[in-house]
Amino acid sequence: MESFRQAFELLFPPDKELLQIIGVTLKMSFFSTLISCLIGLPLGSLIGSQSFRGKSFIKKLIHTLMGLPPVVAGLVVYSLFTHYGPLGRLNMLFTVRVMVVAQVMLITPVVIGLTSSFIESASKPVIETARGLGFSGLKTARLCIGEGRSSLFSVVLNAFGRSIAEVGAVSIVGGNIQWKTRVMTTAIMLETNKGKFSFAIALGIILLLIAFIVNALASFTVRENADG
Amino acid sequence: MKRILAVIMALALVAGLSACGAKPADEPETTSVQAETPENPVIRLSTTTSVNDSGLLPYLLPAFESATGYRVEVQSAGTGAAIQKAIDGNADVILVHAKASEEEFIDGGYGVERLPFMFNYFVIVGPKDDPAGIKDCADAASAFAKIRDSKSKFVSRGDESGTHKAELKIWGDDAPDAANDSWYISAGQGMGACLTMAGEQQAYCLTDKATFLSMKDELDLDIVLAEGEDMKNTYSLIAVNPEKIDGVNTEGAQAFIDWMLGDEAGALIAKYGEEEYGTALFTLLK
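Starting afresh in each chain, residues are numbered from 1 along the sequence in its written order. The lettering of chains begins at A and the numbering of ligands begins at 1, in the order of writing. In keeping with the model being predicted, local features are shown solely for residues with a pLDDT of at least 70 and side-chain atom pairs are shown and tallied solely at 80 or more, while totals for entire chains, interfaces and linings include all residues.

**Q** Explain the overall build of chain A here, please?
**A** In this description a helix means any DSSP run of H or I spanning at least four residues, a strand means any run of E spanning at least two, and both kinds are numbered starting from the N terminus. The helix and strand tally for chain A stands at ten helices and zero strands. Beginning at the N terminus, the succession of helices and strands in chain A can be written as α-α-α-α-α-α-α-α-α-α. Taken along the three principal axes of its C-alpha coordinates, chain A extends 65 × 50 × 25 Å. Here chain A holds 228 residues, and the buried ones make up 40% of them. What counts as a contact here is a pair of residues whose C-beta atoms, placed from the backbone, lie within 7 Å. For chain A, the share of sequence-separated contacts (at least 6 apart) that also reach a separation of at least 24 residues comes to 78%. Burial in this document is a count-based property: other C-beta atoms within 10 Å of a residue's C-beta are tallied, and the residue is buried at 20 or more, exposed at 12 or fewer, or partly exposed in between, with C-beta positions derived from the backbone.

So, in structure tokens, the structure goes:
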């Protein structure tokens, strides 16, 4: 109850630092989702709708990567961008951009894996029909995507949910720097480490609220489009 | 359905294997206990990362455990969280280093008595070429003033830990403001993560000596200033007050405190670090 009161107090009137943290969180999650979907949706659709040699191996590989521990992804990205690392000259460590890089690494396999299995299950009848009509592979894929559109929408939201809730990787590569790379999850972690547990839960409530609003907005937009 | 079953079977197999693997590690523990096992053998110690990560506790505890038959469960976090855990009833004894918070803890009735027993010095580490020129400063306060004037990068814990509180005390009334002073990086992370960041960014950082020495090889940083009068860092033991908090293992807490303040622990603490770092990391009070 104490946590709900604190959450309310943070929001009305909005706390300046909290707004900045929410801004960084949304920016990071938006770009991570966008990039991983730009890569993952086409690749996943292709894998799901086509049959080719080595497909089962690729699927196993993707399913393994879907379980990649965030801390490991964070460490890999860290060692790429560290001062003496191969990409150290870019001077990107402890920035929001490098947090997006780590997130994309984590989320893209999830997007590919979910997309391909949705397409696969939704598309069996479509593929059979398309094959009967002698359609090309690309045209078949396009038909499948049409069939599985609502599932793909949930893939995108899933990707967004993952990125907004992630903490291990972003704290390693982002550094949880105040006014710069601190996001909701790392702020919650910090308050927990400070021993301010009820305040940490208040931040958690706000994070859930943000996720809910984003989900509601997204499904509203999609319904509008479907109607129009 | 079959496929799902197969996945579950595979997971169960892995879980079973890892459980088997864990068993042999448990065995020597039960045989190595020489003293009679006390009635309530588990002591929950809530402490700060600097005591645990420096290796001091892993070094001391086996001696205590075999002498008394107690088993110590160590939870390490920043001083703020370490104290909060005790207030929440999740610890029997605390070992921390932030005088003001400790006194608050006692005043609130949560602790029995504050027992300062050892100290070391915070050190200021920084880039090897010392761009702010603080090498010859008399104390940390004047070094900090030079860092501020030259706007040299400085990484702050920013997590209300004992080290962060010590840092704020040194800044005094003109603590930098992370929102406007871009050279002041408030990281909100543990000592190790902050030192790594200071190394990456070639920034100054206030740290306990033990953590820095344990990471020195991976960091492109040197100790720039050590042992100023305002850099003393005192550690205290406090037993949690059983009259205020339920379920406290009072006998265990007392046994641990008695042993830590005794001669055997004293001798061990006084020479800890000499072998590995060539210098003792903690000094006994008295």
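**Q** Quick question: what am I supposed to make of the overall build of chain B here?
**A** Check the secondary structure of chain B and you find twelve helices and ten strands. Within chain B, buried positions represent 42% of all 286 residues. Contacts in chain B between residues at least 24 apart in sequence constitute 74% of all its contacts with a sequence separation of at least 6.

**Q** What is the right way to look at the confidence of the model for chain A in this model?
**A** Residues shown with low pLDDT carry predicted positions that ought not to be read at fine detail. Think of pLDDT as the predictor's per-residue confidence, scored from 0 to 100. Averaged over chain A, the pLDDT score is 88; the fraction of residues at 70 or greater is 98%. Taken element by element, the predicted model of chain A shows its lowest mean pLDDT in helix H6 (residues 137-147) of chain A (74) and its highest in helix H2 (residues 16-49) of chain A (94).

**Q** What exactly am I supposed to notice about helix H4 (residues 79-87) of chain B here?
**A** All names here are of chain B. Counting buried positions along H4 gives eight out of nine residues, so the element sits mostly inside the fold. Turning to H4, its buried residues are Thr79, Gly80, Ala81, Ala82, Ile83, Gln84, Lys85 and Ala86. Two residues or fewer after H4 comes Gly89, characterised by a positive phi angle close to 85 degrees.

**Q** Hey, could you run me through the domain arrangement of chain B in this one?
**A** Accessible area lost during the coming together of the parts is what is often quoted as the interface size. All names here are of chain B. Under the domain assignment, chain B is made up of domain 1 (38-120 + 233-284) and domain 2 (121-231). For each domain, the first and last residues come from an automatic or database assignment. Measuring from the centre of the C-alpha atoms in domain 1 to the corresponding centre in domain 2 gives 26 Å. Each side of the interface is counted separately: domain 1 has 17 residues, and domain 2 has 17 residues. For the side of domain 1 that touches domain 2, the elements supplying multiple residues, two or more each, are helix H2 (49-53) and H4. Here the element with the most residues in the side of domain 1 that touches domain 2 is H2; it accounts for three residues.

**Q** What is the right way to read the interface of chain B and chain A from this model?
**A** Each side of the interface is counted separately: chain B has 19 residues, and chain A has 17 residues. The set of elements that each furnish at least two residues to the side of chain B that touches chain A consists of H4, strand S6 (184-186) and helix H8 (191-201) of chain B. Sort the elements by how many residues they give to the side of chain B that touches chain A and H4 of chain B lands first, with five residues.

**Q** Can you walk me through the nonpolar core in this structure?
**A** Nonpolar side chains in soluble globular proteins tend to end up buried together. Core membership is restricted to buried Ala, Val, Leu, Ile, Met, Phe, Trp, Tyr and Cys residues, and these are joined into a nonpolar core through C-beta atoms within 7 Å. Core analysis: the biggest nonpolar cluster contains 88 residues, and Ala102 and Val173 of chain A together with Ile124, Ala198 and Cys205 of chain B have the highest contact counts within it. For this core, the leading source of residues is helix H5 (residues 96-133) of chain A, giving 19 residues. Filtering out sequence-adjacent residues up to four positions away, Ile124 of chain B remains in contact with Ile134, Ala140, Ala143, Tyr204, Leu206, Val224 and Leu225 of chain B. Listed in part, the 36 residues of the second largest apolar core include Ala81, Val93, Val112 and Ile269 of chain B.

**Q** How should I be thinking about the packing of helix H3 (residues 56-68) of chain B against helix H10 (residues 250-261) of chain B in this particular structure?
**A** Helix-helix packing is characterised by the crossing angle of the two axes and by the distance between the axes. Residues and elements named next belong to chain B. Orientation of H3 relative to H10, taken along the N-to-C sense of each, is 120 degrees, at an axis distance of 11 Å. Of the possible angle classes, the one that applies to H3 and H10 is oblique. In the crossing of H3 with H10, the sense of the turn from one axis to the other is right-handed. Between H3 and H10, the residues in contact are Phe64, Ala67 and Thr68 and Ala255, Phe256 and Trp259, respectively. Residue composition of the contact of H3 with H10, grouped by class: five nonpolar, one polar and no charged. The axes are straight lines fitted to the C-alpha atoms, using for helices just the contacting stretch, and the angles between their N-to-C directions are given from 0 to 180°. In what follows, roughly perpendicular refers to angles from 65 to 115 degrees, roughly parallel to angles under 35, roughly antiparallel to angles over 145, and oblique to any angle outside these ranges. The crossing is said to be left-handed when, going from far helix to near helix, the turn is anticlockwise and less than a right angle, and right-handed when the turn is clockwise. The classification used treats Ala, Val, Leu, Ile, Met, Phe, Trp, Tyr, Cys and Pro as nonpolar, Asp, Glu, Lys and Arg as charged, and all other residues, Gly among them, as polar.

**Q** What is the right way to read the environment of Val248 of chain B from this model?
**A** Residue and element names in this part refer to chain B. Topologically, Val248 is positioned in the loop between strand S9 (232-240) and H10. The buried category is assigned to Val248, around which 22 C-beta atoms lie within 10 Å. Excluding residues within four positions of it along the chain, Val248 makes contact with Asp92, Val240, Pro242 and Ala253.

**Q** Where do I start with unusual backbone geometry in this structure?
**A** The phi torsion of most residues other than glycine is negative, and most of the peptide bonds are trans. Here Phe12 of chain A and Pro13 of chain A are connected by a cis peptide whose omega angle stands at -5 degrees. Along the chain, Pro13 of chain A falls in the loop between helix H1 (2-11) and H2. Notably, Trp179 of chain A is not glycine yet its phi reads approximately 65 degrees, a positive angle. One can find Trp179 of chain A in the loop between helix H8 (168-174) and helix H9 (184-194). The backbone phi angle of Asp130 of chain B is positive, close to 45 degrees, even though this residue is not glycine.

**Q** Looking at this structure, how should I read the pairing of strand S7 (residues 204-208) of chain B?
**A** Remember that side chains alternate between the two faces of the sheet whenever the strand is regular. Residue and element names in this part refer to chain B. Most of S7 sits inside the fold, with five of its five residues counted as buried. A pair of strands is labelled paired if DSSP reports no fewer than 2 bridges between them. The pairing of strand S4 (residues 111-126) with S7 spans four bridges and is antiparallel. Its bridge partner being in S7, Val123 is matched across the sheet by Thr207. Where strand S5 (residues 154-156) meets S7, two bridges bridge the pair, whose relative direction is parallel.

**Q** Explanation requested: the packing of helix H4 (residues 70-81) of chain A against H5 of chain A in the structure shown.
**A** Residues and elements named next belong to chain A. Between H4 and H5, the least distance of the axes is 9 Å, while the angle of their chain directions is 135 degrees. When the axis of H4 is compared with that of H5, the two are oblique. Between H4 and H5 lies a crossing of right-handed hand. Contacts between H4 and H5 pair Pro70, Ala73, Gly74, Val77 and Phe81 from the former with Val98, Val101, Ala102, Met105 and Leu106 from the latter.

**Q** Help me understand the confidence of the model for chain B in this model?
**A** Residues and elements named next belong to chain B. Mean pLDDT over chain B works out to 87, with 88% of the residues at or above the 70 mark. When mean pLDDT is taken per element in chain B, S5 scores highest with 97 and helix H1 (residues 2-32) scores lowest with 51. With pLDDT under 50 throughout, residues 19-33 is counted as low confidence; its partners more than four residues away or in other chains account for three contacts.

**Q** What's the story with the environment of Ile147 of chain B in this structure? I'm lost.
**A** Residues and elements named next belong to chain B. Within the secondary structure layout, Ile147 lies in helix H6 (residues 140-149). With 37 residues separating them along the chain, Ile147 and Tyr184 place their C-alpha atoms 9.8 Å apart. Setting aside residues up to four positions removed in sequence, Ile147 forms contacts with Ala132, Ile134, Ser152, Phe154 and Tyr204.

**Q** What am I meant to see in the environment of Ala141 of chain B here?
**A** Position of Ala141 of chain B among the secondary structure elements: in helix H6. Excluding residues within four positions of it along the chain, Ala141 of chain B makes contact with Ile170, Gly172 and Asp230 of chain B.

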